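Residue strings, one per chain:
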Amino acid sequence: MPVWAEAGLWGLLAGAALVLGAGIAWFVKVPQRVVATVMAFGAGVLISALSFDLVDEAESVGGLVPTAAGFMGGAVIYVAANVALAKRGARHRKRSHEIQGSEEETPGSGAAIAIGALLDGIPESIVLGLSLLGGGGAGIPVFAAIFLSNLPEGLSSAAGMKVSGRSARYVFGVWATIAITTGLAGLLGVLLLEGAAPETVAAITALAAGAILAMVADTMIPEAFEKTHMYAGLAATVGFMAAFVLSHA
């Protein structure tokens, strides 16, 4: 299988966790504390993957300057886009309860939430695709981190969408579209960067990593802490260590 096709497939599989989480939320009433605990765990997994499988690897491949510049640039771009979307009703897109605004309360918020979810997912798919460029196959710790973070994201967001009165067609349409788009993002990342200079690959990898870290701090951790409070740190620590062990096993 061509590398670009494999990247698209892995991206699609990781994105499918969003649809799976949304399905669980729609048909099963999951306690919010459980959702928040899983989200905290997923945040820890992502932070571990960023530290040991993305940023460190980018620096070793392309050097410190491209990595640092890309990482900070990714964070700035994500935060700027997130601020713009928050003003249009997507501030609480990962919240699982009634704090999400309805379309009647905030016209256009449905589209903003969908775009925000896409904003969260594309950087993850890019780094998953880039993990294939070294020729060693998909980075299993990176895939596990993305899958385990997407599951509670889809679960929490879909639960909030349901409470705010959005239809099943809208909810599953959003997540299915995002799953497909994340697969395409992984595919395009490989096609565009295959054969690129190491510094370029490092900068793009770090840019995506910076966006992911900003997403974790802005959306996942606040939702997890709101419902688990002092236990959020423990769940995140367990997630971090699980990903660390997986990457060194």
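Residues numbered from 1 in each chain as written. Predicted model: local features only at pLDDT ≥ 70, side-chain atom pairs only at ≥ 80, totals over all residues. Heavy atoms only, no water.

(A) Seen up close, the UniProt feature "transmembrane region" (unreviewed entry) in the protein chain. Taken from the UniProt record, the annotation "transmembrane region" (unreviewed entry) applies to residues 7-27, 34-52, 64-85, 126-148, 168-193, 200-217 and 229-246. Here residues 7-27 runs as 100% helix and 0% strand, with 31 Å between its end C-alpha atoms. The span residues 34-52 carries 100% helix and 0% strand; its end-to-end C-alpha distance comes to 27 Å. (UniProt positions renumbered as here; feature names shortened; annotations may be inferred. Helix = DSSP H or I, 4+ residues; strand = E, 2+ residues; numbered from the N terminus.)

(B) Quick peek at the environment of Gly233. The topology assignment puts Gly233 in helix α8 (residues 231-248). Expressed as a C-alpha distance, the spacing of Gly233 and Ile221, which sit 12 residues apart in the sequence, is 9.2 Å.

(C) Fine view of the nonpolar core. Membership of the largest hydrophobic core comes to 24 residues, with the highest contact counts inside it found for Leu46, Val127, Ile212, Met215, Val216 and Met220. Sorting the residues of this core by element identifies α2 (32-62), α4 (109-130), α5 (140-163) and α7 (198-228) as the ones contributing at least two each. One finds Met161, Val174, Trp175 and Ile178 within the second-largest nonpolar core, a separate group that totals 13 residues. (Core = buried A, V, L, I, M, F, W, Y, C linked by side-chain atoms within 4.5 Å. Buried < 20%, exposed > 50% of the residue type's maximum accessible area, 1.4 Å probe, protein only.)

(D) Molecular detail of the packing of aromatic side chains. Counted under the stated rule, the structure contains 6 aromatic pairs. Members of the aromatic cluster, connected to one another through ring pairs, are Trp10, Phe143 and Phe147. Positioned above the aromatic ring of Trp26, the side-chain terminus of Lys162 is 5.1 Å from the ring centre. (Phe/Tyr/Trp six-rings, centres within 6.5 Å; stacked < 30°, edge-to-face > 60°. Lys NZ or Arg CZ within 6 Å of the ring centre and 35° of its normal.)

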